[in-house]
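Structural characterization, general
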Amino acid sequence: MALKGGPLAGVRVVELAGIGPGPMCGMLLADMGAQVLLVERLEPANIGIARPRRFELPHRGKQSLAVDLKQADGVALVSDLAAAADVLIEGFRPGTMERLGLGPQACMARHPGLVYGRMTGYGQDGPLHELAGHDLNYLALSGALHALGPADGKPAAPLNLLADYAGGALNLAFGIACALVERNRSGLGQVIDASMVEGAAVLMTSMFGMFAAGLHAAPRGHNLLDGGAPHYATYACADGAYIAFAAIEPKFRAVFAERTGLPPEALARLDDPSTWQEGRAMLAELFATRTRGEWCELLEDSDACVTPVLDRDEAPRHPHNAARGSFVLQDGVTQPAPAPRFSRTPGAVGAAPPKRGAGGEATAAAWGIPAARLQALRAAGVIGPDATTS
């Protein structure tokens, strides 16, 4: 029987507000039932991508408390919150939290069981550790960016998915989960140094093995998995929409050949890279004869490994995604549902992203901060107004 609350129910998380992977990590924990208190600036930071809070989806399921960390009372409040929490997440440049008096040594002296998650691009040490950067920089340094893009073009940025989110947020969330499991044995927390460069590099582990084996040694765009192979590529259909064809294994190409009427040997020959240019032209001509919908009707119920390339509006409506509830609608915003799925303690999308200062005082009070102290801090301008009911 499924239980409400998620696998991380009861876990308390203090998240020092940032951008990119930090908020996403906090969202992943909140989706799985953790109570995440987002500690924000009194005023929004000017980061160039501001948008109404309801669209800041990585803040879903959290409560917000706006705190002035330039004031000693604000630092003391966050220190007390960390002492009451299980996890702290921060994504500042190395040394910033130490200068505030909120570094791991100070926080863990008060609370030895605290899991202290640190998210940076280059890590907490090394020649580049103090420098600014973004996903593209970290992806470039990891060795992954060089492998992405067309054969006749420059390396291509895959949104900011691989370093910020896969190599950053997911990697830190995994580290936090590991540290919480280990704490059950030792009773002690630990510091997690999550580098987006290293997280992105870990995603390339299998590829490094293929490089070493000579199985992915050609220039970019000429290998099996980087768009070089005609049987692992996308094709334009008669209506201008695209199909993804990924029949790497011969048995799946045989299914494709049977459904489409192609000679089986025409696809079997694609195991030889010298046939790829000819094979690509053949498949491009074939896919251009039908619309995407017609190809889906013919192939999508088979092992031909053919799927439509869906846009952001189409993906939630696809019958498979709709049947599984892979996307949810909240506050008028369609968004991915929590993943992965748990049989007994499923995660769930919590409340919509909170307004700055909404819910934070109630959470702080539940964690043991006296209400009178919070009221005094608000009156002194150390914390922002309670936006819960505004």
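Residues numbered from 1 in each chain as written. Predicted model: local features only at pLDDT ≥ 70, side-chain atom pairs only at ≥ 80, totals over all residues. Heavy atoms only, no water.

Quick notes on the packing of aromatic side chains
Geometry of an aromatic ring pair is reported as the spacing of the ring centres plus the angle between the planes. Basically, it comes down to this: Whether two aromatic rings pair depends on their centres lying within 6.5 Å, for rings of Phe, Tyr and Trp, where Trp uses its six-membered ring; planes under 30 degrees apart make the pair stacked, over 60 edge-to-face, and the rest tilted. The way it works is that DSSP assigns letters per residue, a run of H or I at least four long becomes a helix, a run of E at least two long becomes a strand, and they are numbered from the N terminus. Remark: exposure states derive from per-residue accessible area (1.4 Å probe, protein chains only) relative to the maximum for the residue type, with buried under 20%, exposed over 50%, and partly exposed in between.
Evaluated as defined, the whole model comprises seven aromatic pairs. Ring geometry for Tyr 122 and Tyr 138: centres 5.0 Å apart, planes at 85 degrees, overall edge-to-face. With Tyr 122 in the loop between β5 (115-120) and α5 (135-142) and Tyr 138 in helix α5, the pair connects residues that are 16 residues apart, well separated along the chain. Each member of the pair Tyr 122 and Tyr 138 is classed as buried. Their ring planes at 35 degrees and their centres at 4.4 Å tell us that Phe 245 and Phe 256 sit as a pair that is tilted. Placement of the pair is Phe 245 in strand β8 (residues 242-245) and Phe 256 in helix α9 (residues 250-260), with a sequence separation of 11 residues. A relative accessible area of 0% means that Phe 256 is categorised as buried.

Things to note about the domain arrangement of the chain
Put simply, the test is: Where each domain begins and ends follows an automated or database-derived domain assignment.
Annotation of the chain at the domain level lists domain 1 (12-203 + 331-380) and domain 2 (242-308). Using C-alpha coordinates to define each centre, domain 1 is positioned 43 Å away from domain 2.

Things to note about the nonpolar core
What counts here: Working definition of a nonpolar core: buried Ala, Val, Leu, Ile, Met, Phe, Trp, Tyr and Cys residues. They are joined through side-chain atoms within 4.5 Å. When checking whether two residues touch, look at their non-hydrogen atoms; a contact exists if any pair is within 4.5 Å.
Counting 37 residues, the largest nonpolar core has Val 13, Cys 25, Leu 29, Val 87, Ile 89, Leu 172 and Ile 176 as its most contacted members. Elements supplying a minimum of two residues to this core: α1 (21-31), β4 (87-90), β5, α5, α6 (161-186), β6 (191-195), α7 (196-203) and α8 (205-213). Sorting elements by how many residues they give to this core places α6 first, with seven residues. Leu 172 has contacts with Cys 25, Ile 89, Gly 117, Arg 118, Met 119, Ile 192 and Ala 194, leaving out every residue within four places of it along the chain.

Considering the packing of α5 against α7
Heads up, the rule is: Orientation is described by axes fitted as lines to C-alpha atoms, over the contacting stretch for helices, and by angles from 0 to 180 degrees between their N-to-C directions. Each angle receives one of four descriptions, namely roughly parallel if under 35 degrees, roughly antiparallel if over 145, roughly perpendicular if within 65 to 115, and oblique otherwise. Each crossing gets its handedness from the near helix: less than a right angle anticlockwise from the far helix is left-handed, clockwise is right-handed.
Axis separation between α5 and α7 bottoms out at 8 Å; the angle between their running directions is 55 degrees. Judged on the interaxial angle alone, α7 and α5 are oblique. The interaxial crossing formed by α5 with α7 has right-handed handedness. Counted together, Tyr 138, Leu 139, Leu 141 and Ser 142 of α5 and Met 196, Val 197, Ala 200 and Ala 201 of α7 form the full contact between these two elements.

Here's the deal with the state of the cysteines
This is how the line gets drawn: Throughout, disulfides are identified as pairs of cysteine sulfur atoms within 2.5 Å of each other.
Summed over the entire model, instances satisfying the criterion amount to zero disulfides. As a non-bridged cysteine, Cys 237 has Cys 296 as the owner of its nearest cysteine sulfur, 7.6 Å distant.

A word on the environment of Ala 72
Looking at the secondary structure, you find Ala 72 in helix α2 (residues 72-84). Taking the C-alpha atoms as reference points, Ala 72 and Val 382, 310 residues apart in sequence, are found 8.9 Å from one another.

Description of the pattern of salt bridges
Stated precisely, the cut-off is as follows: Whenever a carboxyl oxygen of Asp or Glu lies within 4 Å of a side-chain nitrogen of Lys or Arg, that contact is scored as a salt bridge.
One pass over the full model with this rule turns up 16 salt bridges. For the salt bridge of Arg 54 with Asp 331, the shortest nitrogen-to-oxygen distance reads 3.5 Å. Of this pair, Arg 54 sits in the loop between β2 (35-40) and β3 (62-66) while Asp 331 sits in the loop between β10 (327-330) and β11 (333-336); the two residues are 277 residues apart in sequence, bridging distant segments of the chain. Asp 331 sits in the partly exposed class, given a relative accessible area of 45%. With its nearest N and O atoms 2.9 Å apart, the salt bridge here joins Glu 98 to Arg 118. You can see Glu 98 sitting in helix α3 (residues 96-100) and its partner Arg 118 sitting in strand β5, a full 20 residues away along the chain. Look at Glu 98 and you get partly exposed, because its relative accessible area is 40%. The class of Arg 118 is buried, set by a relative accessible area of 5%. Connected through shared salt-bridge partners, Glu 40, Arg 53, Glu 56 and Arg 356 make up one network.

Here we look at the sheet that holds β8
Note the threshold: Strands are treated as partners if at least two bridges between them are detected by DSSP.
Sheet architecture is open: three strands sit in the order β7-β8-β9, paired in antiparallel fashion. Edge strands, defined here as strands with exactly one partner in the open sheet, are β7 (233-236) and β9 (306-308). Between one strand axis and the next, the sheet turns through 30 degrees on average, direction left out of account.

Focus on α9
Condition: Of all possible arcs, the one meant is that of the directions from the helix axis to the C-beta atoms.
Within α9, the full set of buried residues consists of Phe 252, Arg 253, Phe 256, Ala 257 and Thr 260. Looking straight down α9, one finds its buried side chains confined to an arc of 145 degrees; they lie on one side. Summarising the geometry of α9, the exposed residues directed more than 90 degrees from the buried face are Lys 251 and Glu 258. The inward-facing, buried residues of α9 abut β8, α10 (264-268), α11 (276-287), α12 (292-299) and β9. The positive-phi residue at the C-terminal boundary of α9 is Gly 261, with phi of around 85 degrees.

Things to note about the sheet that holds β5
Taken in spatial order, the six strands make up an open sheet running β3-β2-β1-β4-β5-β6, and their pairing is parallel. Looking at the sheet topology across the chains shown, the edges are occupied by β3 and β6. Recorded for the sheet is a direction-independent mean angle of 20 degrees between the axes of neighbouring strands. Where β2 lies against β3, five bridges are found, and the strand directions are parallel. Following the sheet pairing, Leu 38 is matched in β3 by Ser 64. With respect to the sheet, α6 is in contact with β4, β5 and β6, its orientation differing from that of β5 by roughly 165 degrees. In this fold α7 packs onto β5 and β6, with an angle of close to 70 degrees to the strand it touches most, β6.

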